[in-house]
Amino acid sequence: MKWYIDSDRPIYKQLVEQIELRIISGVYAPGDKLESVREMAMDAGVNPNTMQKALAELERMELVFAQRTSGRFITEDLKVIEEAKKNLAVQEIGAFLEKMKKLGMGRNEILVLMEKIEEGEKDDDHIKH
Amino acid sequence: MTILSTKNLTKSYGKKTALANINMEIPRGRIIGLLGPNGSGKSTFIKLAAGLLVPTAGEITIDGDAPGVDTKAKVSYLSERTYLNDWMRVSEIIAFFEDFYTDFNRIKAENMLKDLNINPDDRLKTMSKGTKEKVQLILVMSRQAQLYLLDEPIGGVDPAARDYILNTIITNYKEEASVIISTHLIADIEQILDDIIFINQGELVLSSSVDEIRETRNQSVDGLFREVFKC
Amino acid sequence: MLGKLIKHETRATSRIFLPLYGALLILTIFTKLVMAIGAPDFFSEAASNNNNVAEIILGISFTLYFVLIVGICVMTLMMIIQRFYKNLFTDEGYLMFSLPVKTWELVLSKLLVGMIWSAVCTVMIFLTFFIFSLGTFSMIELSQTIRSAYSMFYLQTGMELNFFMVEMILFILVETVASILMIYVSIAIGQLFNQHRIVAAFGAYIVITIVMQIIMSIAMAVFAIGNLESMVLNGSEAMTTIQWLINGSTALNVVLGIGFYYVTHTIMKKRLNLE
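Residues numbered from 1 in each chain as written. Chains lettered and ligands numbered in written order. Predicted model: local features only at pLDDT ≥ 70, side-chain atom pairs only at ≥ 80, totals over all residues.

1. Quick word on the overall build of chain C
Counting secondary structure elements, chain C contains nine helices and zero strands. Scanning chain C from its N terminus toward the C terminus, one meets helices and strands in the order α-α-α-α-α-α-α-α-α. In summary, chain C has a C-alpha radius of gyration of 23 Å against a globular reference of 19 Å for 275 residues, an excess of more than 25%. Projected onto its principal axes, the C-alpha positions of chain C cover 65 × 50 × 35 Å. Taking all 275 residues of chain C together, 21% fall into the buried category. (Helix = DSSP H or I, 4+ residues; strand = E, 2+ residues; numbered from the N terminus. Rg over C-alpha atoms; globule rule 2.2 N^0.38 Å. Buried ≥ 20, exposed ≤ 12 C-beta atoms within 10 Å, placed from the backbone.)

2. Section: the overall build of chain A
Counting its secondary structure elements, chain A contains five helices and two strands. The linear arrangement of helices and strands in chain A, starting from the amino end, is α-α-α-β-β-α-α. Reported as C-alpha extents along the three principal axes, the dimensions of chain A are approximately 55 × 35 × 30 Å. Sorting the 129 residues of chain A into buried and exposed places 22% on the buried side. Sequence separation of 24 or more characterises 57% of the internal contacts of chain A that already satisfy a separation of 6 or more. (Contact = placed C-beta atoms within 7 Å.)

3. Describing the interface of chain B and chain C
Interfaces are often sized by the accessible area lost when the parts come together. The interface is formed by 18 residues belonging to chain B together with 15 residues belonging to chain C. Looking at the side of chain B that touches chain C, the elements that each hand over two or more residues are helix 2 (69-74) and helix 3 (90-100) of chain B. Per-class residue counts for the side of chain B that touches chain C are 11 nonpolar, four polar and three charged. (Nonpolar A, V, L, I, M, F, W, Y, C, P; charged D, E, K, R; others polar.)

4. Considering the nonpolar core
With 122 residues, the main nonpolar core has Leu15 of chain A, Ala49, Leu147, Tyr148, Leu149 and Ile180 of chain B together with Tyr184 of chain C as its most contacted residues. Per-element accounting of this core gives the leading share, 11 residues, to helix 6 (residues 161-190) of chain C. (Core = buried A, V, L, I, M, F, W, Y, C linked by C-beta atoms within 7 Å.)

5. Considerations on the sheet that holds strand 2 (residues 16-27) of chain B
Residue and element names in this part refer to chain B. Pairing is antiparallel across the open sheet formed by three strands, whose spatial order is 2-1-4. Bordering the open sheet on either side are strand 2 and strand 4 (57-62), each of which pairs with just one other strand. Strand-to-strand twist of the sheet, defined as the mean angle between neighbouring strand axes without regard to direction, takes the value 20°. As defined by bridge partners, strand 1 (residues 2-13) adjoins strand 4 across five bridges and the pair is classed as antiparallel. Bridging across to strand 4, Leu4 finds its partner in Ile62. On the sheet, helix 1 (residues 42-50) packs against strand 1, strand 2 and strand 4 and is oriented at approximately 120° with respect to strand 1. (Pairing = 2+ DSSP bridges. Axes fitted to C-alpha atoms, helices over the stretch in contact; angles between N-to-C directions.)

6. Here we look at the interface of chain B and chain A
Counting from both sides, the interface comprises 19 residues of chain B and, opposite them, 15 residues of chain A. Contributing elements (two or more residues each) for the side of chain B that touches chain A: helix 6 (159-171), helix 8 (210-217) and helix 9 (221-228) of chain B.

7. Digging into the confidence of the model for chain C
Scored by pLDDT, chain C has a mean of 86; 91% of the residues are at 70 or more. For this predicted complex, the interface confidence reaches an ipTM of 0.90, while the overall pTM sits at 0.85. (pLDDT = per-residue confidence, 0-100.)

8. Some remarks on the pairing of strand 2 of chain B
Alignment of strand 1 of chain B against strand 2 of chain B, held across eight bridges, turns out to be antiparallel. Paired with Thr6 of chain B across the strands is Met24 of chain B, a residue of strand 2 of chain B.

9. Topic: the domain arrangement of chain C
Residues and elements named next belong to chain C. According to the domain assignment, chain C contains domain 1 (1-136) and domain 2 (158-275). If you list the elements that add at least two residues to the side of domain 1 that touches domain 2, you get helix 2 (52-89), helix 3 (92-96) and helix 4 (103-133). With seven residues, helix 4 is the single largest residue contributor to the side of domain 1 that touches domain 2. Of the residues contributing to the side of domain 1 that touches domain 2, the split by class is 11 nonpolar, five polar and no charged. (Domains from an automatic or database assignment.)

10. Let's talk about the sheet that holds strand 7 (residues 178-183) of chain B
Residue and element names in this part refer to chain B. The mixed open sheet is built from six strands, whose spatial order is 5-6-7-3-8-9. Only two strands of the sheet have a single neighbouring strand rather than two, namely strand 5 (75-78) and strand 9 (203-209). Each neighbouring strand pair of the sheet contributes to a mean axis angle of 15°, computed without reference to strand direction.

11. Considerations on helix 5 (residues 129-141) of chain B
Between the first and last C-alpha of helix 5 of chain B there are 18 Å, a value that for 13 residues agrees with the 18 Å anticipated at 1.5 Å per step. Among all positions in helix 5 of chain B, only Glu133, Lys134, Val135, Gln136, Leu137, Ile138, Leu139, Val140 and Met141 of chain B are buried. (Expected span 1.5 Å × (residues − 1).)

12. Regarding the environment of Ile196 of chain B
With respect to the helices and strands, the residue Ile196 of chain B is situated in strand 8 (residues 195-200). Not counting residues within four places of it along the chain, the set of residues in contact with Ile196 of chain B comprises Gly33, Leu35, Ser208, Val210 and Val221 of chain B.

13. Observations regarding the domain arrangement of chain A
When the domains of chain A are assigned, the result is domain 1 (11-76) and domain 2 (79-128). Looking at the side of domain 1 of chain A that touches domain 2 of chain A residue by residue, the class counts come to four nonpolar, one polar and two charged.

14. Digging into helix 3 (residues 48-60) of chain A
With 13 residues, helix 3 of chain A extends 18 Å from end C-alpha to end C-alpha; this agrees with the ideal 18 Å at 1.5 Å per step. Turning to helix 3 of chain A, its buried residues are Pro48, Asn49, Thr50, Met51, Lys53, Ala54, Leu55 and Leu58 of chain A. Summarising the contacts, the buried residues of helix 3 of chain A are in contact with helix 1 (11-24), helix 2 (37-44), strand 1 (64-67) and strand 2 (71-74) of chain A together with helix 6 of chain B. One or two residues past the end of helix 3 of chain A sits Glu62 of chain A, with phi positive at roughly 65°.

15. With respect to the pairing of strand 7 of chain B
All names here are of chain B. In terms of burial, strand 7 is a largely internal element, five of the six residues being buried. Looking at chain direction, strand 6 (residues 147-151) and strand 7 are connected through five bridges and run parallel. Each bridged residue has a counterpart across the sheet, and for Leu149 the counterpart in strand 7 is Ile180. The handedness of the strand 6 to strand 7 crossover, carried by helix 6, is right-handed. (Right-handed = clockwise from strand over helix to strand, strands pointing away.)

16. Description of the confidence of the model for chain A
In low-pLDDT segments, the atomic positions of the prediction should not be examined closely. Mean pLDDT for chain A: 85, with 92% of residues reaching 70 or above. When mean pLDDT is compared element by element in chain A, helix 3 of chain A scores highest at 91, while helix 5 (residues 107-128) of chain A scores lowest at 77.

17. Re the environment of Leu181 of chain C
Residues and elements named next belong to chain C. Inspection of the secondary structure puts Leu181 in helix 6. You can call Leu181 buried: it has 23 C-beta atoms within 10 Å. Each C-alpha atom, one on Leu181 and one on Tyr261, is 6.2 Å from the other, the two residues being 80 residues apart in sequence. Other than its neighbours up to four places away in sequence, Leu181 contacts Gly257, Phe260, Tyr261 and Thr264.

Next comes the structure, spelled out in structure tokens:
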């Protein structure tokens, strides 16, 4: 999986978001052991201190926990993950609605359009099969 | 703990002032970008820290000592010049470094040479400028130094080698050692930096952490640099 | 660290000199063989037994020998200049001055290795003479000649030849060190300039030479002029004057050498100005 660091926001925040997304989407399964800070930093091409900061933040969010001797693990508490997933969904929808508002789309318009697009995707699936 | 500290550090060449009243403290365990336009005094600063120049006024200390034999043993310096003897083979230069620097790790150097497809039996004079720069960087990064001074380490190499170099700096990271990288190619190295120091016309303009800049100013260091040093 | 510097300095210079001296030795032995086989009387007036072909070969090989000797002498001088200038004050200086070594160790390692090669040069020239003259004298005769030279010297001057030789060797050593250090100080002064450093170094060398000439003349005027007449008088007094000259020059060269070294060291330590 690739890491994306864009230019303007703090790098550690971007790392937190991307690791969070990986946990929610199951790339990192609950209870999985994370690589060492150094390896993760190298993989992402970022400074180890920054990666450290991101992981500390994830620990604070309880998505990751550290065991003194054996390293860092993804939380096994599915409720925490579920909570994070919901939070992220709420954020994304909020951002989406904000954009739609700028385009001048009303609530109903959006819903209709969404349904239409979803049906379109289903049709595409039929054709493919 | 501080690895490098300066007090009113000033260096002039004749009438021309290259650095004026620089005060800074660089802690251990950081990767620092020394950023500024050409001729801003970056190289002068690094040469002072490496002990190649003597301050005109003020002082600079490394691990508490003024630059000298003791500090040179702790500092691994990459100059912007290709300083290796042309007639030597890479293996001979490795032996040279091993002889003079007790912290030199031969195995590390040999592995890096292999990674970059450089034959240790090749002579320097048969190599391109870019390859020579890679050899120098390998030598410098193969030491277990406490302070790495890298003057324009990515200037002349191709993007693939640049990524390898940056990776090497990250992998090499140690809590007790700091790395100072002088460059004007900020966008390329921004991700691996903890802190940045902007200098311009010999003066310290700004010293901050990368995330602090991004957090408070909502822009990248590269963006800020372009704004500060707009022509 | 001084030992390591000397080791690497020797390695860097011997890759040029070893092949040259190897060639010199081979050429000498070859010439000697041709001479022994084809032209035993090459150097004597009566060149009757000589083979024409051998004479032509010898003509060529002696020319080569002469060129090689001159070449080696010039190379030795060039090496002394180049190792100090290029290795310390051009790009290579960035490496040398970031090594954990003292400045004096840098200077001393170059100086010692330069001295060694100068000595090797002299010894090798004598060695080739010795090879050429093998078979033309007997060891017994030689030792007799030397012994008689010793007693002659004592008779004429009232002084041991050995003692005089030690003074001469000391003089040559000190003279060599001082002249190498004079080259170093000129280079060090030259690098203070931001442009035309080599020209500046030559300029410095010329200025120092002129200043030294003046000092020498004054010293001569003060110390020696009164004794000049005695030179032509008798043996032992002439010898005293010569000793005066030699030991005086040695002392002067020691003072000059220390001065050159001090200035070189100070410039390298405080005013290093790498391009």
